[in-house]
Amino acid sequence: MSENIMPLDGIRIIDFTQVMLGPCATQMLGDFGADIIKIERPGTGDLSRGFYGLQTEEALNNAVFASLNRNKRSIEIDTKSEAGHKQVLDLVKTADVVVDNFRAGVMDRLGFGYDALSKINPKVICASGTGFGSTGPYAHKGGQDVLAQAMTGVMEKTQDPSIPKSIYPTTLCDYSAGMHLVQGILAALLMRDKTGHGQKVEVSLYDSMIAMQMQEAAQWSKHREVLNWAAMPLTGVFDTSDGAIVIVGAFKANPLQDICTALEIEDLSPDYPTLETQRKHKPFLQARFSEAIAGNTSSYWLERLEAQDLLCAPVRSLGEALADPQTEINGMLQSIDHPVLGDITLAGSPVHLSKAPMIVRHLPPRLGQHTDEVLQELAMFLNNEAAE
Ligand SMILES: CC(C)(COP(=O)(O)OP(=O)(O)OC[C@H]1O[C@@H](n2cnc3c(N)ncnc32)[C@H](O)[C@@H]1OP(=O)(O)O)[C@@H](O)C(=O)NCCC(=O)NCCSC(=O)C(=O)O
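Residues numbered from 1 in each chain as written. Predicted model: local features only at pLDDT ≥ 70, side-chain atom pairs only at ≥ 80, totals over all residues. Heavy atoms only, no water.

Enquirer: Run through the packing of helix α1 (residues 21-31) against helix α8 (residues 172-195), naming residues and quoting values.
Expert: It is at 8 Å that the axes of α1 and α8 come closest, and there the two elements cross at 45°. Viewed along their axes, α1 and α8 adopt a mutual orientation that is oblique. The way α1 lies across α8 gives a crossing that is right-handed. Every residue of α8 that contacts α1 at L21, C24, A25, M28 and L29 is listed here: D174, Y175, A177, G178, M179, L181, V182, I185 and L186. Per-class residue counts for the contact of α1 with α8 are 12 nonpolar, one polar and one charged. (Axes fitted to C-alpha atoms, helices over the stretch in contact; angles between N-to-C directions. Helix = DSSP H or I, 4+ residues; strand = E, 2+ residues; numbered from the N terminus. Parallel < 35°, antiparallel > 145°, perpendicular 65-115°, else oblique. Left-handed = near helix turned anticlockwise from the far one by under 90°. Contact = heavy atoms within 4.5 Å. Nonpolar A, V, L, I, M, F, W, Y, C, P; charged D, E, K, R; others polar.)

Enquirer: Can you tell me about the nonpolar core, naming the residues and giving the values?
Expert: Counting residues in each nonpolar core, the largest one holds 32 residues, and the members touching the most others are I13, L29, L181 and I185. The set of elements that each furnish at least two residues to this core consists of α1, β4 (97-100), β5 (125-130), α8, β6 (200-204) and α9 (205-212). Considering every element that reaches this core, the biggest residue donor is α8, with nine residues. Excluding anything up to four places from it in sequence, I13 contacts T26, L29, A34, D35, I36, I37, V97 and V99. The next biggest cluster of nonpolar side chains, apart from the first, holds 22 residues, and it includes I37, I75, V98 and L110. (Core = buried A, V, L, I, M, F, W, Y, C linked by side-chain atoms within 4.5 Å. Buried < 20%, exposed > 50% of the residue type's maximum accessible area, 1.4 Å probe, protein only.)

Enquirer: Requested: an account of unusual backbone geometry, with residues and values cited.
Expert: One non-glycine residue, V19, lies in the positive phi region at around 60°. Among the secondary structure elements, V19 is positioned in the loop between β1 (12-15) and α1. If you check the backbone angles, F251 has positive phi at about 60° while not being a glycine. Note that F251 resides in the loop between β8 (244-248) and α11 (255-262).

Enquirer: Describe the domain arrangement of the protein, with residues and values.
Expert: According to the domain assignment, the protein contains domain 1 (2-214 + 358-387) and domain 2 (233-321). The distance between the C-alpha centroids of domain 1 and domain 2 comes to 43 Å. (Domains from an automatic or database assignment.)

Enquirer: Before we move on, can you summarise the site of the ligand with the specific residues and values?
Expert: Neighbouring residues of the ligand: 25 residues in total, closest K80, N101, G143, Q144 and D174. Within the side chain of K80, one N or O atom sits 2.8 Å away from an oxygen atom of the ligand. Going through the elements one at a time, α5 (106-110) and β5 are the ones with two or more residues in the shell around the ligand. Residue contributions to the shell around the ligand peak at three residues, all from α5. (Near = heavy atom within 4 Å. Polar contact = N/O pair within 3.5 Å; in protein donor to acceptor, adjacent residues only side chain to side chain.)

Rendered as structure tokens:
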């Protein structure tokens, strides 16, 4: 039936990914309908299965692993054994894409680099996510989200000495690099339709973070300053009498005048009419806003700010966001009944295709859950190949 057609039906992905960068990418490809075969180390599997340092079923199937691995099948293969090595090479004959996010050089050492695999299957696309790229002075380094934040200016974001350096607490580098990996793979698949050949796709945490700061990079090049929202004079987080709100004073003719109207204070805009004067007197302006906002509740101020069509929002916890009806309306709550974890709600797919809504075809797999199934399919493929 046409409503069951998915964009990546018939695309098979051999998935060596681990932790987050790679798994979030292959999960999205699986959500689009690709057949994801996740190759895991016997006994231990994906590094994120070892998150709790325990080998219990609960630990190996922990919530973090579950959040990144739906719509995949798991097969245990020791890729360093002779038999395992051959199984991978045979699987590659059946594949469209091979994905990894090991340290640069690992796939070549395993004998699974693009040069080797394209000899077996010229149409194969080999996609890798690394920390810093596959060549250059940092290629050998282990990559991790916080390192990429540190090395690309994200921790130094504001250049404002009053704002301490801090670790952005969500894995934003992993997710953005993972989404770049998805884009690279989809582009290579489209190009393969035109040329008949595969190619290498490379992304890194480092490059993704540089790309994410494209606006700041251009400003830095031109003006040797970094202007971002945290540094803007009419933007800030303010405590109210019962919580906190954020205001972004931008995209309006005279946001300062509108903020003053909303906050029931004197119009400060004639004294501070330009971005330059507002920046110079940012501490005064922010103190004036803070003083007013402290005197009433979040909902009181949000209503008044919205009446001026100002950009504003309550500062909330993740739990509050997940309990918000908007989250459910957007399809971002994906409840599953997991055989080990029981009931658990995962984040849904943020990409909504009107003719191919995401469905969970495979629950996050137990380690090696599909080993027999995938090897049987492989044996059938090899028999057919031998018969031809
Ligand atoms: C995450 C890492 C630092 C982990 O480093 P390591 O544990 O030292 O692993 P490496 O990638 O260097 O090498 C993996 C080794 O495992 C071997 N290997 C892998 N799979 C198998 C199987 N199935 N069987 C046998 N051996 C295997 C592989 O041959 C390598 O061995 P040898 O050949 O003998 O070396 C690195 O993989 C990395 O830099 N990845 C790229 C960036 C990245 O994705 N970082 C994590 C983001 S998550 C994150 O930031 C977050 O969650 O927070």
